[in-house]
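Residues per chain, in single letters:
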Amino acid sequence: MSRGLYIHVPFCVRKCRYCDFFSVTDTSLAESYVRSVIKNISALKESFSTVYFGGGTPSLLSAEQISSILSAAEIESGAEVSMEVNPGTAGESYFREIKAAGVNRISFGIQSFNDKELAALGRIHKASEAVSAVLSASKAGFENISGDIMLAVPFQTEKSLRETLEKAVSLPLTHISAYLLKVEEGTPLAEDEELLKKLPSEDETADMYLETVDLLGQHGFEHYEISNFSKSGFECRHNLKYWHCEEYRGIGVSAHGFAEGERYRCGDTIESFINSPLQRNIPAGRGGDPEERAMLALRLTKEGIPVTMFPNLEKRSEQLIKSGLARLENGFLKLTPKGCLVSNQIIIYCTEQDGGGR
Ligand code: SF4
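(A) Seen up close, the overall build of the chain. Along the backbone of the chain there are 14 helices and 15 strands. By the compact-globule yardstick of 21 Å for 358 residues, the chain fits well, its C-alpha radius of gyration being 21 Å. With respect to the three principal axes, the spread of C-alpha positions in the chain is 55 × 45 × 40 Å. Each of the 358 residues in the chain was classed as buried or not, and the buried ones make up 42%. A separation threshold of at least 6 residues defines the contact pool for the chain, and within that pool the share at least 24 residues apart is 71%.

Set out below in structure tokens:
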């Protein structure tokens, strides 16, 4: 099975208030960074069935830069080539150009269709810009378009979330990722006491999540992973590799990879990434043991894990099923939407050893 390729683009117009991803707002090194990405990809003597440009804001790169990166990679025919796009950075001609370069899936960081919520998050775009970005991508010929929506953001109510979701399903999106906002330590949001008071409560957040699953389901978006929904056949193939514990290469500062059974992360700074002959990969342990496989596969709400995977799982799952947190289908244990809300605890409960051996 061929690997996926993840490329991290660590440049943003401005830092969003909740963001703890690695990115900088000084783009002066972007061209040298791209050259280094190309150098690193050229050193990989293998072909890829999925490519994913993540960030940061990959859409800050020109179409020529995207094209030159893709030309350096051996990409299989029929591969999925995704690119994250900030709706405040791209128009129809850009979409046509990146499509010609080989990108065939766009993932928009929409987050909300409510301007007050977008401003609280520190996003650079307005709701109307997100609408026109999605329509422009569609007009440029993209058929595989995803949008990220954030739940439990400051000022959000069940009503405003419903409005956001209804707007999302009215657009030509084939995939929606709905993430719960996490207040990460050290971010401006975490230090803004006034804004923190505007966050929905835990109960409201749970209701928002359940309503999201419900509403998207009614509009033909299948809930295939805790935070991911797609029209039939439009699951993100690259991200499925992560959840299926398949291998992938990661290129660029802060990227992670998994190859030859070993996980690694790129330990460079932007400067050292540019100046080193090849990126410095720091080993991050063996990957792919049964516990890790189960932890990842349990996130897949349509697939789940075989109930025979661990000796006591069948017995343990009885209580989960009784409580409506999981269901058993053809011998596979799968989380219900209610179970997704406490997925971390369930995953630990299902995969921990209890002294019985295996
Ligand atoms: S655009 Fe994305 S990566 Fe950049 S600061 Fe905002 S959330 Fe972070």
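(B) Structural context of the sheet that holds strand β15 (residues 332–335). Overall, antiparallel pairing links the three strands, which are arranged β13-β15-β14 in an open sheet. On the outer flanks of this sheet lie β13 (305–306) and β14 (326–329), each paired with one strand and no other. Sheet analysis places β13 next to β15, joined by two bridges and oriented antiparallel. In the strand pairing of β15, Pro306 is matched with Phe332. Strand contacts of helix α12 (residues 313–322): β14 and β15, with the helix running at about 125 degrees to β14, the strand carrying the most contacts.

(C) Focus on the packing of helix α6 (residues 158–170) against helix α8 (residues 202–218). Across the interface, α6 lies against α8 with an axial gap of 10 Å and an inter-helix angle of 25 degrees. Between α6 and α8, the crossing angle belongs to the class labelled roughly parallel. Judged by the twist between their axes, the crossing of α6 over α8 is right-handed. Note on element contacts: α8 touches α6 through Glu204, Asp207, Met208, Glu211, Thr212, Leu215 and Leu216, opposite Glu158, Leu161, Arg162 and Leu165. When the residues that make up the contact of α6 with α8 are grouped by side-chain class, the tally is five nonpolar, one polar and five charged.

(D) The arrangement of the domain arrangement of the chain in detail. For the chain, the assigned domains are domain 1 (3–241) and domain 2 (304–351). Taken together, the contact between domain 1 and domain 2 spans six residues of the former and four residues of the latter. Looking at the side of domain 1 that touches domain 2 residue by residue, the classes come out as five nonpolar, one polar and no charged.

(E) Representation of the environment of Phe22 in the model. As for its position among the elements, Phe22 is in the loop between β1 (3–9) and α1 (30–42). Through-space distance from the C-alpha of Phe22 to that of Gly56 is 6.8 Å; in sequence the pair is 34 residues apart. The residues touching Phe22, leaving out its near neighbours within four places in the chain, are Pro10, Val253 and Ser254.

(F) Up close: the pairing of strand β3 (residues 74–85). Sheet topology places strand β2 (residues 47–55) next to β3; six bridges connect them, and they run parallel. The residue of β3 that forms the bridge with Phe48 is Ile75. What joins β2 to β3 is helix α2 (residues 63–72), and the crossover it makes is right-handed. Sheet topology places β3 next to strand β4 (residues 105–111); four bridges connect them, and they run parallel.

(G) Region of interest: the site of the ligand. In the region of the ligand, the neighbouring residues are Cys12, Lys15, Cys16, Cys19, Phe21, Ser23, Gly55, Gly56, Thr57, Asn86 and Gly109. Of the residues assigned to the shell around the ligand, the class counts are four nonpolar, six polar and one charged.

(H) Structural context of the pairing of strand β9 (residues 248–251). Burial along β9 is two-sided: the residues Tyr248 and Gly250 and Arg249 and Ile251 are all buried. Relative to β9, β1 runs parallel, the two being bridged by four bridges. Residue pairing in the sheet places Tyr6 in a bridge with Gly250 of β9.

(I) View of the nonpolar core. In this structure, Ile7 and Ile176 are the most contacted members of the largest nonpolar core, which totals 92 residues. Here this core gets five residues from one element, more than from any other, and that element is helix α5 (residues 127–139). The residue makeup of this core includes at least three contributed by each of domain 1 (3–241) and domain 2 (304–351).

(J) Highlighting the environment of Thr50. As for its placement among the helices and strands, Thr50 is situated in strand β2. For Thr50, a count of 24 C-beta atoms within 10 Å corresponds to the buried category. Between the alpha carbons of Thr50 and Lys241 there is a distance of 8.9 Å; along the sequence they are 191 residues apart.

(K) Quick look at α6. Taking 1.5 Å of rise per residue, the 13 residues of α6 would be expected to cover 18 Å, and the 18 Å separating its terminal C-alpha atoms lies within 8% of that figure. Residues of α6 that are buried include every one of Leu161, Thr164, Leu165 and Ala168, and no others. Each buried residue of α6 sits inside an arc of 95 degrees when the element is viewed along its axis, so together they form one side. In this structure, α6 carries Lys159, Glu166 and Ser170 as exposed residues pointing more than 90 degrees from its buried face. The elements touched by buried residues of α6 are β5 (145–151), β6 (175–180) and α8.

(L) Structural context of unusual backbone geometry. A cis geometry characterises the amide bond from Gly55 onward to Gly56, with omega recorded as 15 degrees. One non-glycine residue, Gln111, lies in positive phi territory at about 70 degrees. In this structure, Gln111 sits in strand β4. Gln111 sits in the buried class, given 25 other C-beta atoms within 10 Å. Despite not being glycine, Cys245 has its phi angle at roughly 60 degrees, a positive value. When you line up the elements, Cys245 lands in the loop between α9 (237–243) and β9. Assessed through the 17 C-beta atoms surrounding it within 10 Å, Cys245 is described here as partly exposed.

Cut-offs applied
- Along each chain, numbering runs from 1 in the same order as the chain's sequence is written.
- Local features in a predicted model are, by the rule used here, given only for residues with pLDDT of at least 70; side-chain atom pairs are given and counted only at 80 or more, and totals for whole chains, interfaces and linings are based on all residues.
- Numbering of helices and strands runs from the N terminus; a helix is a DSSP stretch of H or I covering at least four residues, while a strand is a stretch of E covering at least two.
- Values of the radius of gyration come from C-alpha atoms, whereas the globule rule sets the reference at 2.2 Å times the count of residues to the power 0.38.
- A residue is called partly exposed when the number of other C-beta atoms within 10 Å of its own lies between 12 and 20, exposed at 12 or fewer, and buried at 20 or more, with C-beta atoms placed from the backbone.
- A pair of residues counts as a contact when their C-beta atoms, built from backbone coordinates, are separated by no more than 7 Å.
- The pairing criterion is simple: DSSP has to find at least two bridges between the two strands.
- For helices, the axis comes from a line fit to the C-alpha atoms of the stretch in contact; other axes are also lines fit to C-alpha atoms, and the angle between any two N-to-C directions lies between 0 and 180 degrees.
- Here the word oblique covers every angle except those under 35 degrees (roughly parallel), over 145 (roughly antiparallel) and from 65 to 115 (roughly perpendicular).
- Throughout, a crossing is termed right-handed when the near helix is turned clockwise from the far one, and left-handed when it is turned anticlockwise from it by less than a right angle.
- Three residue categories are used. Nonpolar comprises Ala, Val, Leu, Ile, Met, Phe, Trp, Tyr, Cys and Pro, charged comprises Asp, Glu, Lys and Arg, and polar comprises the others, including Gly.
- Delimitation of the domains relies on an automatic or database domain assignment.
- Orienting the strands away from the viewer, one traces the path from the first strand over the helix to the second; a clockwise path indicates a right-handed crossover.
- Each residue receives a C-beta atom placed from its backbone. It is near a molecule or strand if this atom lies within 6 Å of it.
- Structurally, a nonpolar core is described as a collection of buried Ala, Val, Leu, Ile, Met, Phe, Trp, Tyr and Cys residues joined by way of C-beta atoms within 7 Å.
- A helix is expected to span 1.5 Å multiplied by its residue count minus one.
- By construction, the arc corresponds to the directions joining the helix axis to the C-beta atoms.

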